[in-house]
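Coordinates in review
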Amino acid sequence: MNSTAIRAGEVYITDAKKEKNFAPKRKVITLTLALFFVTLLILQIVFQLFIAPELAIKKIEIHCSNSFPLGNNDILKLAELEGNLFYFSINTAQVKNKLLQYSVIKTAEVKKIFPASLYIKVTERVPLGMALVNSGGKTIPVVFDEEGVIFEIGKSVSDYRIPVISGLKFTEIRLGLKLPEELIIYLSELKKLKESTPALFEQISELKFVNKNNSSYEVLLYPLNTRVRVRTENTINDNLIKQIFVVLDIIEKNGLESEMNELDFRSGQVVFKVKEG
């Protein structure tokens, strides 16, 4: 037992010596780390006070389509990016939100490129339909896209080859207003039709939404160059529109247009409705 105790004591004394020898090294490491972090703090302060304010934006890249209605200077003014601009003072999220307040802009991307550049890309809304709204005894045109967002009103409305959408009710008219959600699915289908079959899309003069009940509606389609209207369910696609114009072409070639009032495509089969009297 005595022998074991002595060996244990020897081990204990040896560890104490090692701990004692390591203490100065620990102080050196601690001091080194402290100096390192103080140096970083000083560099950060110097950078923020003297270097960052001098990093001026020297180049701004603006990307948009040729049809975008605003010029580069107008976009910068809209984003409030005028005068002397500095890299670290620009908040890209704020710039993006300011751009999106302009109803014509659908999406906006804003990026800073270190050390002196700013990248801006905007995508405009594409007109899909037009509505005529009575306001103050006047008929005012409004234009919207496939999301149902109104982005042109009144005199600002351009001369687009798009169908008139009727049967809509508005409690107010303002830029950025969105059409009822139940119509958005139809508008997205109409957008696909415009992209896939533009020639037939341009043959649509008017689309009238007719309420069947509180939760459903049907559509009256008025083609160009004919008085025959077409009644459909609340959907539109390539196959349907091709069938409609094939039947209309047959009616015209057989001289039956004057006798026809309406074509009904709701049941999947064409129902001819002749004029009364």
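Conventions and cut-offs
- Residues numbered from 1 in each chain as written.
- Predicted model: local features only at pLDDT ≥ 70, side-chain atom pairs only at ≥ 80, totals over all residues.
- Heavy atoms only, no water.
- Helix = DSSP H or I, 4+ residues; strand = E, 2+ residues; numbered from the N terminus.
- Buried < 20%, exposed > 50% of the residue type's maximum accessible area, 1.4 Å probe, protein only.
- Areas by Shrake-Rupley, 256 points an atom, 1.4 Å probe, with all protein chains shown as cover.
- Pairing = 2+ DSSP bridges.
- Axes fitted to C-alpha atoms, helices over the stretch in contact; angles between N-to-C directions.
- Contact = heavy atoms within 4.5 Å.
- Expected span 1.5 Å × (residues − 1).
- Arc of directions from axis to C-beta.
- Polar contact = N/O pair within 3.5 Å; in protein donor to acceptor, adjacent residues only side chain to side chain.
- Phe/Tyr/Trp six-rings, centres within 6.5 Å; stacked < 30°, edge-to-face > 60°.
- Lys NZ or Arg CZ within 6 Å of the ring centre and 35° of its normal.
- Patch = residues over 30% accessible without salt bridge, like charges linked within 9 Å, V, L, I, M, F, W, Y side chains within 5 Å.
- Salt bridge = Lys/Arg side-chain N within 4 Å of Asp/Glu carboxyl O.

Our next topic: the overall build of the protein. Looking only at helices and strands, the protein has six helices and 12 strands in total. Per-residue burial for the protein yields a buried fraction of 32% across its 277 residues. Working note: accessible area of the protein is about 18,100 Å², and carbon and sulfur atoms make up 54% of it.

As summarised here, the arrangement of the three strands in space is S1-S3-S2, forming an open sheet in which the pairing is mixed. A strand with exactly one partner marks an edge of an open sheet, and here the two such strands are strand S1 (59–63) and strand S2 (105–113). Across the sheet, the mean angle separating the axes of adjacent strands is 15° when strand polarity is ignored. Relative to S2, helix H3 (residues 92–100) is tilted by about 155°, and along the sheet it contacts S2 and strand S3 (117–124).

As a further point, take helix H6 (residues 238–253). Since one α-helical turn is 3.6 residues long, residues separated by three or four positions face the same way. Between its terminal C-alpha atoms H6 stretches 23 Å, which fits the 22 Å expected from 16 residues at 1.5 Å a residue. Turning to H6, its buried residues are Leu240, Ile241, Ile244, Phe245, Val247, Leu248 and Ile251. For H6, the angular spread of buried residues about the axis comes to 160°, placing them on one side. Structural note: H6 exposes Asn239 and Lys253 on the side pointing more than 90 degrees away from its buried face. With a side-chain oxygen lying 3.2 Å from the backbone nitrogen of Asn239, the N-terminal cap of H6 falls on Asn237.

Right, let's get into the packing of aromatic side chains. To describe a pair of aromatic rings, one takes the distance between the centres and the angle between the planes. With the rule as written, the count across this model stands at five aromatic pairs. A ring pair is formed by Phe88 and Phe114, whose centres lie 6.4 Å apart and whose planes are at 65°; its orientation type is edge-to-face. Placement of Phe88 in the loop between helix H2 (72–78) and H3 and of Phe114 in the loop between S2 and S3 is noted, with a sequence separation of 26 residues between them. We classify Phe88 as partly exposed; its relative accessible area is 40%. With a relative accessible area of 53%, Phe114 lands in the exposed category. Aromatic pair Phe209 and Tyr217: ring centres 5.3 Å apart, planes at 70°, arrangement edge-to-face. Neither Phe209 nor Tyr217 differs from the other in exposure class; each is buried. Among the aromatic residues, ring-to-ring pairing joins Tyr87, Phe88 and Phe114 into one connected group. One residue, Lys111, lies across the ring of Tyr119, its end atom 5.0 Å from the ring centre.

On to the environment of Leu100, then. Mapped onto the elements of the fold, Leu100 is located in helix H3. On the basis of relative accessible area, Leu100 is assigned to the partly exposed category, the value being 35%. Taking the C-alpha atoms as reference points, Leu100 and Val122, 22 residues apart in sequence, are found 9.0 Å from one another. The residues contacting Leu100, other than those within four sequence positions of it, are Ile105, Lys106, Thr107 and Ala108.

With that out of the way, let us pick up unusual backbone geometry. Residue Pro115 follows Phe114 across a cis peptide bond; omega there is 5°. Examined against the element boundaries, Pro115 turns out to sit in the loop between S2 and S3. At Asn225, a residue that is not glycine, the phi angle is positive and equals roughly 65°. Inspection of the secondary structure puts Asn225 in the loop between strand S9 (217–223) and strand S10 (229–232).

What follows covers a nonpolar patch on the surface. On the surface, a nonpolar cluster with roughly 510 Å² of combined accessible area is contributed by Ile29, Leu33, Phe36, Phe37 and Leu40. Of note, Leu40 is situated in helix H1 (residues 2–51). Using a relative accessible area of 41% as the deciding quantity, one classes Leu40 as partly exposed.

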